[in-house]
Structures are given as C-alpha cells and as structure tokens.
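Each chain, letter by letter, is given below.
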Amino acid sequence: MSSTQSDLLTSSKDCSKPPLSSRSLRIGYIDGQPKRVNERAVDDQWVAFMKEHAELVAIKPFQMMKLFGGSIPHWHEQYPHSTDTLIERLRSWVQQTGVNTIYVNVPAIIPYLMHARNQGHIPLRFFIIAHSVGSEYWLKQWVAIAPLLQPEDTLLCTTNSAYRALLNISPVYEMALQEPLCISISACDEPRMKRRDEGRARQLLCIGRVEDVKNIHHVIELAHLVRTSGHEVHLMIAGEYTGANQAQLEHYRSRLQEIENQFESSSYVTWTGAVYGSQKEKLLAEADILLNLSTDPGETFGYNLLEAKAAGIPVVCTKWDGFKDIVTEHVDGMFIPVHWETDIPQLDVYTGASIVCNLLSDERLLANMRNEAREQAKRFDYKRVMPRIIEHLAAQASIPMVTFDQPRENLLHQPISEIHDYSTPFLHHLDWEHRHILSLLAESSAFNYEQWMPLCKPIIGHFADGGIT
C-alpha cells in the first residue's frame, strides 16, 4: 500500500455516529480551515450539522493534494497523463473508505475530481453548494462544472436568485436542489435583553468582508447621514480586508481612509477586524440594526443576515440577490432598492439613511422586528433543513451510477463551446467560447469590479431590485 493510500485510509477513522436511518450514506469531506473567517464560520457549522445526520469521513487538505501529486499547477503540467493517476488514487480512496458521496468544500478542485470520477466510472456522488455564482472566479467554475455534472450528484442552490443565475449559464443546472443554508437557533426563543440607557448611542453593525463590492464606503456615509439627522449612533465594522489582489485591497483601504476623513467618522466608527465565535456573538448581542449594503456579484445568500435574524436583530440591507429570500420587508427588516440600468448597480444611500432613522425613531417597531426576526429564523433551523438535505443525498446515493458519458481523454483541452450547450451567448460576450476548461481555471482574475459588472450582467442582472427580469 502506498503512503498516499495509507494516509487517506487513516483519515477515514475520523467519523461521527449518525442515526441508523442514514447509515447507508457515507460522506467524505475536506477537513480544513478556509483562509477567510466568514467562510470558516459557515463551513464549520455546516459540517457539524451534517455530522448529526450522516456518517462523515474526514480527509486533510494535504492528503487531498496528494491525489493531485502535490499541487494543481503540477497536475496541469502533466495533463492528460495526470488524469490516470488521479483516477487510480481517487478510486482507491473510495474503495478503502466506503465513501459514496463527497462534500467538496474546496471549489478549486471540483472540476478535476469530477473529470476523474467520470473518466474512471468511479461510483462517487458529489455534493457541492452554490455559495456564489456571479463573480469571475465562480462563473469560471460553473462553466467548467456544467459538462461534468452527473444526475446522481447534488448541487445545493441556497436561493432562488442564485438558481436563476445558474440556469442563465446552463440548463443542466435545472437539477439543483433548492434549500437554504441553515443555522442553530436554539437560543433565539429567549428574548434578548436590550439596554435602554439614556444617552447611549444606538449600535449599527456591519459584519463581513471589507471590499469594494461590499460598499463599506456607503455604510460609513449612511452612518454619517443618520447622525446629521439627529440620531446618536455608533457604527461597528467587523471583517477582514479582501480583494482579488493586494493592489485592489490597498486601493480600497485608501479610499475608505478618504471617506473617514471626509465624514470625520473616527469618533463614531470602530473597526474590529475579523471576528469569530464569542467575539461575533458579543457584537450581535449589542447591535440594534445590522447593515449590509452589498452589491457583490458573488453574493448569494448573505449568512450574516441569517445570524442577525437568529440574534433578534432587524436588518437594513440592499434588495440584492439572496437577501430577498432571507429578509421579509416590514417584518424583520427593510430593503434599500438597487437598480442596474447602467454598467454598475446603483443604490440610494439617502433612502437607506432615512429607513434607519425611521426605525430608530420607533421603538415599538424595532421591538416587533426583533421578535419577528427570531420567529422568522426558525425557517432556517438546521434541525428542519438538514434532514431534508440528508434525505435527498441518501436517495441519490441509492441510485446506481449508470449515466457516465463515453470517456474523452482530452476533454479539458477542448473548446468549451464544443463540449457543452450553454444557456445564453455569454461565452461570446466574455470571449470564452474558444477557451478550454484548463486554461480558464488556471487564469487569475482579469477584471476589477467596474469592468466585471457589465460583463456578468446577462447572468445576474436580476440580482438587482430593478435589474433584468
């Protein structure tokens, strides 16, 4: 037995004890820590929820990379011969661990594993989540995955708007399972004790990545407008700076510094950096309103909105993508309209500030929204959602895999437009139709936000409130 096979076999000992009804479902997953804190928070909870309902088999990231000979770039260099090695190692792992489904929470490797599975006719179903659709990185992934997906696989689409975007890429995505991300809400039945100290500034919270697509500059402007309207507010911005590259990150950092100087916001804006666990819980416990003004093309669900609901916090957010599936307007939150008639989505910060001022002026309304937020959060309780997902995965795992296409050795080197039928002429629009999967996946992001948004508009124009229908 090779060292790679031995390492992979050893990893199978890390598994949970599921209910007897799901013992036939054995799910492999990559047991690593995403670099971004927000992704880590979602993935850690997701895996924990699955462990309560199915048997999980962990594989460490370095062990997964051994399947590829150490790295994806090295695998690229050896293609197509590297496919044979990947097939052999993947088949050996499946046989040794008894895994029949793999939850792939490292998106960069999904197309390669699917290709090896298909070429080797390996009885392995894939479980993947559409955490994002419209960003340049993720759109490349969905273009690559479309010709490789099998009917026995499970693609979880967490919002209707994301589902529509996937269909704008390929009709193969009609098979997607539509279920939301979920959360533990065991404590949300207990009323939150809100301090009503006289003179205390009301707490506005913005939590998530600090990036131009998240419109943090508009969040600061909104807080400034609320203050000039006579409301004493303090804004907490919790998150880590992110971007496609270091230059983009530094450019936005400088822009935010200019905004802070313009509005003299240092006295009423606090930057906490990335928060996790008890730090995040403390911020949520102290917040009066959560703000999220994102127009991120990669935004799909908005997990911090769900965290706010479970904590009993009203939300003021852009009417954008999956936010519309999570927040119920006038019940547990309010929307700021987003229109996309020009190249870049536009939101009205003055309207957002007016909404916040109205909420802060009506304590009864705020209290009702807190209660409704907790009540609405029950729809996303993992104890309700996860059993439905596990039932679907178990049904998929019980179906013999007989739908493989005939192997095509150089599939990943063929022009994309020749190996699959896509829904719209967006490949031509993006100048991707003559590209092949390997070159597309290997290429780093080529566009900034202003350049990318008009290019991806045929796919995600409906994300905006006044966008394409």
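Residues numbered from 1 in each chain as written. Predicted model: local features only at pLDDT ≥ 70, side-chain atom pairs only at ≥ 80, totals over all residues. Heavy atoms only, no water.

**Concerning the overall build of the protein**
Operational definition: Secondary structure elements follow DSSP: runs of H or I no shorter than four residues count as helices, runs of E no shorter than two count as strands, and numbering proceeds from the N terminus. Classification of residues uses two cut-offs on accessible area relative to the type maximum, computed with a 1.4 Å probe and protein chains only: under 20% is buried, over 50% is exposed, and between them is partly exposed. In what follows, residue pairs with any heavy atoms lying within 4.5 Å of each other are defined as contacts. Residue burial considers only the protein chains on display, and all accessible areas are found by Shrake-Rupley using a 1.4 Å probe.
The helix and strand tally for the protein stands at 20 helices and 14 strands. The buried share of the protein, taken over its 469 residues, is 57%. Across the protein, the fraction of contacts at a sequence separation of at least 24, relative to all contacts at a separation of at least 6, is 77%. Carbon and sulfur atoms form 49% of the exposed surface of the protein, whose accessible area is close to 19,300 Å².

**Thoughts on the sheet that holds strand E4 (residues 125-129)**
For clarity, the threshold we go by: Here, any two strands with at least 2 DSSP bridges between them count as paired.
Across the sheet, which stays open at both edges, the six strands sit in the order E2-E1-E3-E4-E5-E6 with parallel pairing between neighbours. Among the strands making up the open sheet, the edge pair consists of strand E2 (55-59) and strand E6 (177-178). Bridging between strand E5 (residues 154-157) and E6 involves two bridges; their strand directions are parallel. Its bridge partner being in E6, leucine 156 is matched across the sheet by leucine 177.

**A look at empty space enclosed by the protein**
Counted only if it meets this: Lining residues are defined by having an atom within 4 Å of a point belonging to a cavity or pocket. Those points lie on a 1 Å grid over the protein atoms alone, cavities being sets where a 1.4 Å probe fits but cannot get out and pockets being open sets with protein on both sides within 12 Å along at least five of seven lines. Grid points are joined across faces, edges and corners, and a volume is the space filled by probe spheres set on the points.
Within this structure, the stated rule accounts for two cavities of 30 Å³ or more. Considering only enclosed or pocket space, the second largest cavity measures out at about 40 Å³ in volume. Along the walls of the second largest cavity sit Gln203, Leu204, Leu205, Met236, Leu283, Glu286 and Ala287, which together make up its complete lining. Counting only elements with at least two residues in the lining of the second largest cavity, the list comes to strand E7 (202-207) and helix H11 (278-286).

**Describing the environment of phenylalanine 380**
One can find phenylalanine 380 in the loop between helix H15 (363-377) and helix H16 (382-397). Sequence separation between phenylalanine 380 and leucine 306 is 74 residues, and the spatial gap between their C-alpha atoms is 8.0 Å.

**Section: helix H5 (residues 81-97)**
Convention followed: By definition here, a helix of n residues has an expected span of 1.5 Å times n minus one.
Here H5 spans 25 Å end to end across 17 residues, near enough to the 24 Å set by a 1.5 Å rise per residue. Residues Ser82, Thr83, Leu86, Ile87, Leu90, Ser92, Trp93, Val94 and Thr97 constitute the buried set of H5.

**Description of the nonpolar core**
This is how the line gets drawn: By convention a nonpolar core is built from buried Ala, Val, Leu, Ile, Met, Phe, Trp, Tyr and Cys residues, the set being connected through side-chain atoms within 4.5 Å.
By size, the foremost hydrophobic cluster in this structure holds 161 residues, and its most contacted members are Trp46, Phe68, Trp142, Ile169 and Leu235. Those residues in contact with phenylalanine 68, other than ones at most four positions away along the chain, are His74, Trp75, Leu86, Ile109, Tyr112 and Leu113.

**Some remarks on the pairing of E2**
For E2, the tally of buried residues reaches five of five residues, placing the bulk of the element in the interior. Side chains Glu55, Val57 and Ile59 project from E2 onto one buried face, and the interleaved Leu56 and Ala58 project onto a second face that is buried too. Where strand E1 (residues 26-30) and E2 come together, five bridges link them in parallel fashion. Looking at E2, one finds that isoleucine 30 is bridged to isoleucine 59.

**Brief notes about the packing of aromatic side chains**
Quick note on the threshold: Any pair of Phe, Tyr and Trp rings, taking the six-membered ring for Trp, is counted once the centres come within 6.5 Å. Such a pair is stacked with planes under 30 degrees apart, edge-to-face with planes over 60 apart, and tilted for the rest. Placement of a charge over a ring requires the Lys NZ or Arg CZ to be within 6 Å of the ring centre, with the centre-to-atom vector within 35 degrees of the ring normal.
Following the criterion strictly, the structure yields 16 aromatic pairs and no others. Ring centres of phenylalanine 68 and tryptophan 75 lie 6.2 Å apart, and the angle between their planes is 70 degrees; on these two criteria the pair is classed as edge-to-face. In terms of burial, phenylalanine 68 and tryptophan 75 fall into one category: buried. Each ring, one from phenylalanine 447 and one from tryptophan 452, has its centre 5.7 Å from the other, and the planes form 35 degrees; the classification is tilted. Taking the relative accessible area as the measure of exposure, phenylalanine 447 reaches 31% and is therefore partly exposed. Pairwise contacts between aromatic rings join Phe68, Trp75, Tyr79 and Tyr112 into one cluster. In this arrangement the basic side chain of arginine 253 is found over the ring face of tyrosine 241, its NZ or CZ atom lying 4.1 Å from the centre.

**Observations concerning the pairing of strand E12 (residues 333-336)**
Covered by surrounding structure in E12 are Gly333 and Phe335 together with Met334 and Ile336, the residues of both alternating faces. Bridge count for strand E11 (residues 315-318) against E12 is four bridges, and the pairing is parallel. Among the inter-strand pairings, valine 315 is bridged to a residue of E12, identified as glycine 333.

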